[in-house]
Amino acid sequence: MGEAGTAAGDGLWDGLLSATEGAGPLLQRDYWAVIDRCGCSPSEVMELVASRFPEFAPRELVVFEPESEREGPLEPGDELTVRIRGAGTFRVRIIHRDRQSLTLATLPGHPEAGRITFGAYRNERGDVIFHIRSRARSGSRVMYLGFRTGGEAMQTNTWTEFVNTVALTVGEGVIGFLHAESTVMKEAHESADDVRGPTFLARGDES
């Protein structure tokens, strides 16, 4: 499971729609929350997310459907069909998975060019945090204009709802409030980014 699957060879990254091929600024978007009374370790949270990924997305906004009939959690190389309300049908591929994170990358035609990581870890108090971080540009100049007129709000609603649903599944919701932040990536950060790996490292499994 996990990191062993990332050694599948260069074919894992063939045909991706990378952020360098997109339009507009490269944005890093973070959505995260501390889970109240989480009943799972971070790795157990991510095993659940990898096994039941489509269930956590708000179906009124986006629907994920695995293209493979193989049972079990998502693994590197698996692809998902993504139906986004008002935008169309697209595809993403799992490019990385380890015990505490799962990373998806977009394929040509998707309104975003880049990747997104879902991860779980502990803070200094031992609380479990579930965190989503994307690094992406709009898939094209036309999509960039459309995203500015409504797509950004839909994306924020999608991923904050995903975080909240995970928190309610493994615990009693979130402590405090859900965090949603957007940052324009500087050129130096972009050049140092490993586009084949996760957007952040989730570490610290045990309390």
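As a reminder, the structure under discussion sits directly above these lines.
This one's a predicted model, so the numbers in the text were calculated from it and none came from an experiment.

How each quantity is defined
- Residues numbered from 1 in each chain as written.
- Predicted model: local features only at pLDDT ≥ 70, side-chain atom pairs only at ≥ 80, totals over all residues.
- Heavy atoms only, no water.
- Helix = DSSP H or I, 4+ residues; strand = E, 2+ residues; numbered from the N terminus.
- 1 Å grid on protein atoms, 1.4 Å probe; cavity = no way out; pocket = protein on both sides within 12 Å on 5 of 7 lines; lining within 4 Å.
- Points joined across faces, edges and corners; volume = space filled by probe spheres on them.
- Nonpolar A, V, L, I, M, F, W, Y, C, P; charged D, E, K, R; others polar.
- Pairing = 2+ DSSP bridges.
- Axes fitted to C-alpha atoms, helices over the stretch in contact; angles between N-to-C directions.
- Contact = heavy atoms within 4.5 Å.
- Salt bridge = Lys/Arg side-chain N within 4 Å of Asp/Glu carboxyl O.
- Buried < 20%, exposed > 50% of the residue type's maximum accessible area, 1.4 Å probe, protein only.

All right, on to unusual backbone geometry then. In this model, Arg 37 sits at a positive phi of 50°, which is unusual for a non-glycine residue. Within the secondary structure layout, Arg 37 lies in the loop between β1 (23-35) and α1 (42-51).

Bringing the layout of surface pockets into the picture now. Approximately 220 Å³ is the volume attributed to the second largest pocket. Forming the walls of the second largest pocket are 17 residues, and the residues nearest its centre are Ser 18, Ala 19, Arg 115, Val 195 and Arg 196. If you list the elements that add at least two residues to the lining of the second largest pocket, you get β6 (112-122) and α3 (187-192). Each residue belonging to the lining of the second largest pocket can be placed in one class, and the counts come to eight nonpolar, four polar and five charged.

Here the focus is the sheet that holds strand β3 (residues 79-84). With antiparallel pairing, the eight strands of this open sheet are ordered in space as β2-β3-β4-β5-β6-β7-β1-β8. Two strands in the sheet have a free side with no partner beyond their single neighbour: β2 (62-66) and β8 (174-184). Sheet twist, expressed as the mean angle between neighbouring strand axes with direction ignored, is 20°. Note that β1 and strand β7 (residues 128-138) share nine bridges and pair antiparallel. In the sheet register, Tyr 31 faces β7, and the bridge partner there is Ile 132. Where α1 meets the sheet, its contacts fall on β4 (88-98), β5 (101-106), β6 and β7, and the angle it forms with β6 comes to roughly 140°.

Under the counting rule described, the total for this entry stands at 17 salt bridges. The partner of Glu 55 in a salt bridge is Arg 52, with the nearest N and O atoms 3.0 Å apart. Glu 55 sits in the partly exposed class, given a relative accessible area of 49%. Between Glu 79 and Arg 93 there is a salt bridge, with the nearest N and O atoms lying 2.9 Å from each other. Here Glu 79 is found in strand β3, whereas its partner Arg 93 is found in strand β4, with 14 residues between them in sequence. Per residue, the accessibility class of Glu 79 equals that of Arg 93, and both read buried.

Limitation: the analysis is restricted to geometry and does not speak to function.
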